[in-house]
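# A look at the structure
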Amino acid sequence: MIPFSHTLSTHPGGARGCPGTPAPRVLHASPGMTPVTTHRSDRPRRPASLPILSLAAALAVAWPSPRPAVARPIAAPSPQDAPARVAPPPDPARIDAMLSAEPTVLEGLGVAIRVPVEAVVEHQGSGQASMLVAIERDVIPLWSMRLQAMASTLDEPTPRAQIEHLIASRRQQGSAIEVVASEPFAAGERDGWFCWIVQSVELVDRMVFGWFCLPIGARDYLVLSAQVAFDGFPAARPMIEAAARTIRATDAADLVAERRAGLERGRLVLQTITPERLRALVGFDQWYRVYFPAGAAAPAGQAGGPTIRADDQELGALRLRVEEGPLGAVNPQRAPSQYAPDERQNGFIVRVQTRFGDAETGAVLDTEAIYWMAFDQGEESWSLRATERLGARTRSEAVTGVRSRSSASDPAGTLIIVSTGRGTRPRQVLERAVPEVYLSQALRWVLGMLLPRGDQSIDLLTYCAEASAEEIIIALREDRWSPLRGMTPRWEHRTTPRRGGQSTRSLHAADGSLQRREHADGSVMEPIDLDRLRDLWRRAGLFQSGRPSDRQPEGSRDRPPDRRSSDR
């Protein structure tokens with residue numbers, strides 16, 4: 001656990017801008033933390049060299065990880081602190097309107113909390129260092145909060161003493177502090193203490209900081225820390241206080257039962273995906289545009305002032321195709337006449353082709369993936385190749401995977417994944433038994449078109465492989481599929497990696513086809529007509545002919561938008 005001597009002052013996730021972007025420097029901020037402020041932060045410029053990522057993570061941007069702050073001597077609490085009083089809890093109906101219906105579980109700590117419905121949620125760290133971060137889902141967020149466990153450094157710790165200790169530390173740093181509230185509060189059967197303070201910080205006249213402290217042991221505490229832009233505090237305060245009151249510590253048995261129930265729901269859903277339903281998708285072929293929408297924070301101009309993006313910024317595109325074909329098609333370099341007998345069996349194939357680029361540098365990242373799965377989901381094979389080009393320079397990585405069918409000698413089946421290319425380790429191999437409830441690589445791309453379309457929301461857990469040149473893991477993922485009654489699109493699909501990482505929100509039409517996908521970094525993916533995509537790329541100056549970087553993905557049978565139509 002993190003000791004209380006570490007300053008609880010800021011959060012990862014960005015300053016009133018898109019989560020994951022650097023914020024303006026703030027006085028007394030802990031190193032590595034990025035606060036939410038009323039100053040619109042600059043979005044970082046696209047790198048001259050695009051990172052090569054697995055397709056599973058190609059659209060994700062990692063948030064900064066917190067680093068320990070330096071402990072400082074703490075002054076005694078000031079007598080001008082606000083007097084203690086007990087505030088009545090919000091009306092239950094208001095809580096239901098403000099907070100998610102189901103609690104978010106931080107498994108490493110055995111803690112659950114109902115987060116605000118308008119939050120982007122991230123799980124960071126593992127074990128006792130686990131942390132949950134929630135940021136308002138907006139291009140310019142007004143608030144963020146963080147839940148983590150901390151160990152007290154006081155001789156005689158109590159929730160109130162810890163809060164007063166934190167207030168005193170701010171005053172000891174020389175900042176003017178106004179205590180808005182310092183009160184007891186309860187979460188379940190646990191009695192704690194919380195406070196709200198207003199503090200002036202650099203570049204911002206006033207910011208509001210809050211801490212909610214709950215004991216979970218003799219010297220251990222759960223701490224929900226929050227920071228809110230001053231003008232957003234009246235609206236955010238009741239929502240964050242309501243969320244704090246829903247914190248519950250759960251024991252290991254509850255967590256195991258919750259996981260088993262989620263996995264059982266996942267198993268039942270996968271059983272509904274029959275060969276007939278998979279064959280009904282054969283022939284699907286769709287291009288998707290990936291871009292930052294207008295209105296998002298843009299890089300500062302030469303004068304140094306932040307701006308709001310006036311126009312959409314094109315990032316690239318993705319093409320998704322569904323076919324029926326032989327296993328041997330996973331290797332596009334081999335002719336069908338060279339297939340071995342077992343490579344001739346037909347199955348369900350998903351082809352994913354992407355291109356991302358930077359108009360300023362000419363850097364291009366091309367990926368092509370082919371995922372094959374038996375129609376009964378009993379086995380699979382896939383290959384992924386990614387090539388980054390910048391001028392005459394290129395670098396590549398490849399990932400291949402095979403999942404064998406279960407047998408008498410191998411009841412679970414075996415999953416083997418090999419990753420080669422750049423990274424800290426040029427070659428990695430993972431070999432392990434297949435988890436009981438496993439989502440294949442092919443299904444993860446078309447899951448929205450196959451989930452049940454009833455009247456109730458569905459929460460399910462599955463295990464899924466994630467691989468890149470940096471890491472190969474089998475991760476637990478959570479999918480929540482919810483009807484949007486009386487609305488178009490008709491369905492909302494939220495996917496959250498249980499091990500940590502970024503959540504995505506997808507909106508689907510009545511037939512399950514993807515209409516819009518929103519990523520935590522603010523980028524959006526939407527279906528688009530090929531001719532319109534070519535026109536957008538031409539006007540954005542992307543992938544122009546005559547540049548060495550303007551090539552097609554290796555092994556591709558179908559080109560992205562014609563290069564000649566991309567010329568200015």
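Structure shown above.
Figured I'd write up the structure that's included with this text.

The rules we used
- Residues numbered from 1 in each chain as written.
- Predicted model: local features only at pLDDT ≥ 70, side-chain atom pairs only at ≥ 80, totals over all residues.
- Heavy atoms only, no water.
- Helix = DSSP H or I, 4+ residues; strand = E, 2+ residues; numbered from the N terminus.
- Buried < 20%, exposed > 50% of the residue type's maximum accessible area, 1.4 Å probe, protein only.
- Polar contact = N/O pair within 3.5 Å; in protein donor to acceptor, adjacent residues only side chain to side chain.
- Pairing = 2+ DSSP bridges.
- Salt bridge = Lys/Arg side-chain N within 4 Å of Asp/Glu carboxyl O.
- Lys, Arg positive; Asp, Glu negative; His and termini not counted.
- Arc of directions from axis to C-beta.

### Some remarks on the environment of aspartate 358
One can find aspartate 358 in the loop between strand S16 (346-357) and strand S17 (364-373). Looking at aspartate 358, the relative accessible area reads 7%, which means it is buried. Along the sequence, aspartate 358 and glycine 316 sit 42 residues apart, while their C-alpha atoms lie 8.8 Å from each other. A distance of 3.3 Å separates the side chain of aspartate 358 from the backbone nitrogen of threonine 361, its partner in a polar contact.

### Observations concerning the sheet that holds strand S11 (residues 248-249)
Strand order in the open sheet formed by three strands is S2-S3-S11, with antiparallel pairing between adjacent strands. The sheet is open, and its two edges are formed by strand S2 (104-106) and S11, each paired on a single side. Two strands pair when backbone bridges link them, and S2 and strand S3 (residues 111-113) are joined in this way by three bridges, in the antiparallel orientation. If you follow valine 105 over to S3, its bridge partner there is alanine 112.

### Remarks on the pattern of salt bridges
Under the definition given, this model contains 26 salt bridges. Among the salt bridges present, the one from aspartate 535 reaches arginine 538, with a minimum N-O distance of 2.1 Å. One end of the pair, aspartate 535, and the other, arginine 538, are both in helix H7 (residues 530-540), three residues apart, so they sit about a helical turn from each other. Aspartate 535 gets classed as partly exposed once you look at its relative accessible area, which sits at 23%. In this structure arginine 538 comes out as partly exposed when scored by relative accessible area, which is 29%. Here the salt bridges share partners, and the residues they tie into one network are Glu492, Arg494, Arg505, Arg516, Glu518 and Glu526.

### Some thoughts on the side chain of arginine 444
With respect to the helices and strands, arginine 444 occurs in helix H6 (residues 441-446). Buried within the structure, arginine 444 lacks any salt-bridge partner; its nearest side chain of opposite charge belongs to glutamate 466, at an N-O separation of 4.4 Å. Within the local environment of arginine 444, its side chain forms a polar contact with the backbone oxygen of alanine 465, the two atoms lying 2.8 Å apart.

### Observations concerning H7
The set of residues buried in H7 consists of Leu533, Leu536 and Trp537. Burial along H7 is one-sided: seen end-on, the buried residues are contained in an arc of 95 degrees. Looking at H7, the residues exposed on the side facing more than 90 degrees away from the buried face are Asp531 and Arg539. The N-capping residue of H7, defined by a side-chain oxygen 3.0 Å from the backbone nitrogen of aspartate 531, is aspartate 529. After H7 finishes, the residue glycine 541 shows a positive phi value of roughly 75 degrees.

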